[in-house]
Amino acid sequence: METENLTVVTEFILLGLTQSRDIQLLVFVLVLIFYLIILPGNFLIMFTIRSDPGLTAPLYFFLGNLAFLDASYSFIVVPRMLVDFLSENKVISYRGCITQLFFLHFLGAGEMFLLVVMAFDRYIAICRPLRYSTTMNSRACYALLLALWLGGFTHSIVQVALILHLPFCGPNQLDNFFCDVSQVIKLACTDTFVVELLMVSNSGLLSLLCFLGLLASYAVILCRIREHSSEGKNKAISTCTTHIIIVFLMFGPAIFIYTRPFQAFPADKVVSLFHTVIFPLMNPVIYTLRNQEVKASMRKLLSQHMVC
């Protein structure tokens, strides 16, 4: 009889960032501005790299894919978030919630793996320059790209599979502006200790290991750069510094959210906002400001279209 009285949850109510209408309006304007920069910025990077014959090196191939992932990642949360700011009832269906969660982790993990691949590319280019052309040929680049997509899919499908086995019978209020593992799992009508442990191992440990591995690899690369005196030394240091900045911006929030038990902290929503909205903006801004070749190619491309 107890089981028969359980109500199956078919939708979740998103409580959003804040209940203050004035703060909601301010955040709405800021997020909209960010979004109007994210999409054109990332699409401009993709179009520039694809149209310029001088940007065919593996570094730019992976940079173009990073821009694609950022643009795709921004579609998962931001459009619905902007609509919810103007809506009284912030409701998302169970299926919609699981779908959002799946793509969030699919693209997020894919981007983590892509940063690992880019670190590997820089290691070969700087520490094994004679082998670079043979190691990082087009076939190897596409194989690495396929591997990171498969890795992201595997990571995400594990997350979703664990959640689908949980019973949800109420309450159905998510204390955030989107669906994520840490909020959804707390609403399950069962003991979730083991599932939380598995999810922390899957997301948190993955983020932490990738982060430490990337820092170690870039430390080795920077040490090797300083041992050599060459014309490309400053360029190599600039490229590696850019990558390290991106690594901290991406993995910092992920480690904060996923490497601890799923308990609410006051900073969770701010960190989530940075991770889902502001971070996709950082890649085009940082890369275009620090990469001379991409900036020069963009100026050339924009001047051609303005003349036409």
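Residues numbered from 1 in each chain as written. Predicted model: local features only at pLDDT ≥ 70, side-chain atom pairs only at ≥ 80, totals over all residues. Heavy atoms only, no water.

Looking at an unreviewed UniProt entry, one finds the protein chain named Olfactory receptor, with Sapajus apella as its source organism. Among the UniProt annotations of the protein chain, the heading Sequence similarities (unreviewed entry) holds the following wording: "Belongs to the G-protein coupled receptor 1 family." (UniProt positions renumbered as here; feature names shortened; annotations may be inferred.)

Asks: Residues and numbers for the packing of helix H1 (residues 21-51) against helix H2 (residues 58-85), please.
Replies: The geometry of H1 relative to H2 is characterised by a closest axis approach of 9 Å and an angle of 155° between their N-to-C directions. Taken together, the axes of H1 and H2 are roughly antiparallel relative to one another. When you trace H1 past H2, the crossing you get is left-handed. (Axes fitted to C-alpha atoms, helices over the stretch in contact; angles between N-to-C directions. Helix = DSSP H or I, 4+ residues; strand = E, 2+ residues; numbered from the N terminus. Parallel < 35°, antiparallel > 145°, perpendicular 65-115°, else oblique. Left-handed = near helix turned anticlockwise from the far one by under 90°.)

Asks: Give me the sheet that holds strand S2 (residues 91-93): which residues, what numbers.
Replies: Taken in spatial order, the three strands of this open sheet run S2-S1-S3, and their pairing is mixed. With one partner strand each, in any of the chains shown, S2 and strand S3 (173-174) form the two edges of the open sheet. Each of strand S1 (11-14), S2 and S3 touches helix H3 (residues 94-127); the most contacted strand, S2, lies at about 85° to it. (Pairing = 2+ DSSP bridges. Contact = heavy atoms within 4.5 Å.)

Asks: How would you summarise the side chain of Thr 242 if you had to cite specific residues and measurements?
Replies: Tracing the sequence through the fold places Thr 242 in helix H8 (residues 233-258). Take Thr 242: its relative accessible area is 4%, and that puts it in the buried class. Residues within four places of Thr 242 in sequence aside, it is in contact with Ile 286, Tyr 287 and Arg 290. (Buried < 20%, exposed > 50% of the residue type's maximum accessible area, 1.4 Å probe, protein only.)

Asks: Describe the nonpolar core, listing the residues and the values that go with them.
Replies: Membership of the largest hydrophobic core comes to 101 residues, with the highest contact counts inside it found for Phe 12, Met 81, Phe 168 and Phe 251. If you tally residues by element for this core, the top one is H3, at 19 residues. (Core = buried A, V, L, I, M, F, W, Y, C linked by side-chain atoms within 4.5 Å.)

Asks: Tell me about the packing of aromatic side chains, and name the residues and values.
Replies: Per the counting criterion, the structure on display carries 17 aromatic pairs. With 6.4 Å between their ring centres and 90° between their planes, Tyr 35 and Phe 75 make a pair best called edge-to-face. Separated by 40 residues along the polypeptide, Tyr 35 in helix H1 and Phe 75 in helix H2 bring together distant segments of the chain. Residue class for Tyr 35 comes out buried when judged on its relative accessible area of 10%. With 5.4 Å between their ring centres and 80° between their planes, Phe 211 and Phe 248 make a pair best called edge-to-face. Within this pair, whereas Phe 211 is found in helix H7 (residues 193-227), its partner Phe 248 is found in helix H8, the two being separated by 37 residues in sequence. An aromatic cluster is defined as three or more aromatic residues linked by ring pairs; in this entry it consists of Phe 68, Phe 102, Phe 103, Phe 106, Trp 149 and Phe 153. (Phe/Tyr/Trp six-rings, centres within 6.5 Å; stacked < 30°, edge-to-face > 60°.)

Asks: Just give me the short version of a nonpolar patch on the surface, but keep the residues and values in it.
Replies: There is a patch of nonpolar side chains on the surface, built from Leu 25, Leu 26, Val 29, Leu 30, Ile 33 and Ile 37 and spanning about 540 Å² of accessible area. In this fold, Val 29 is placed in helix H1. A relative accessible area of 40% places Val 29 in the partly exposed class. (Patch = residues over 30% accessible without salt bridge, like charges linked within 9 Å, V, L, I, M, F, W, Y side chains within 5 Å. Areas by Shrake-Rupley, 256 points an atom, 1.4 Å probe, with all protein chains shown as cover. Salt bridge = Lys/Arg side-chain N within 4 Å of Asp/Glu carboxyl O.)

Asks: Could you give an account of the pattern of salt bridges, with specific residues and numbers?
Replies: Counted according to the given criterion, the structure contains three salt bridges. The residue Arg 80 makes a salt bridge to Asp 84 at a minimum N-O spacing of 3.6 Å. Residue Arg 80 and its partner Asp 84 are located together in helix H2, separated by four residues, close to a single helical turn. Relative accessible area serves as the criterion here: at 8%, Asp 84 is assigned to the buried category.

Asks: I'd love a proper account of H2, names of residues and values included.
Replies: Three- or four-residue spacings in an α-helix give side chains the same orientation, since the helix completes a turn every 3.6 residues. The end-to-end C-alpha separation of H2 is 41 Å, in line with the 40 Å expected for 28 residues at 1.5 Å each. The sharpest bend along H2 comes to roughly 40°, located at Phe 75, with the proline Pro 79 sitting one to four residues further on. Counting buried positions along H2 yields 23 of 28 residues, so the element is predominantly enclosed. (Expected span 1.5 Å × (residues − 1). Bend = angle between axes of the 7 residues up to and from the residue.)

Asks: Explain the UniProt feature "transmembrane region" (unreviewed entry) in the protein chain to me, and be specific about the residues and the numbers.
Replies: UniProt annotation of "transmembrane region" (unreviewed entry) refers to residues 23-47, 59-78, 98-120, 141-168, 205-225, 237-258 and 270-289 when read in the numbering used here. From the first C-alpha to the last, residues 23-47 spans 36 Å; its make-up is 100% helix and 0% strand. Counting secondary structure, residues 237-258 comes out at 100% helix and 0% strand; the distance between its end C-alpha atoms is 31 Å.

Asks: Explain the state of the cysteines to me, and be specific about the residues and the numbers.
Replies: The tally for this structure, following the rule as stated, stands at two disulfides. Residue Cys 169 pairs covalently with Cys 189 via a disulfide, S to S 1.9 Å. Measuring handedness by torsion sign, the sulfur bridge of Cys 169 and Cys 189 sits at about -130° and is left-handed. With a gap of 20 residues between them, Cys 169 in the loop between helix H5 (138-164) and S3 and Cys 189 in the loop between helix H6 (181-184) and H7 connect regions that are remote in the sequence. Taking the relative accessible area as the measure of exposure, Cys 189 reaches 30% and is therefore partly exposed. (Disulfide = S-S within 2.5 Å.)

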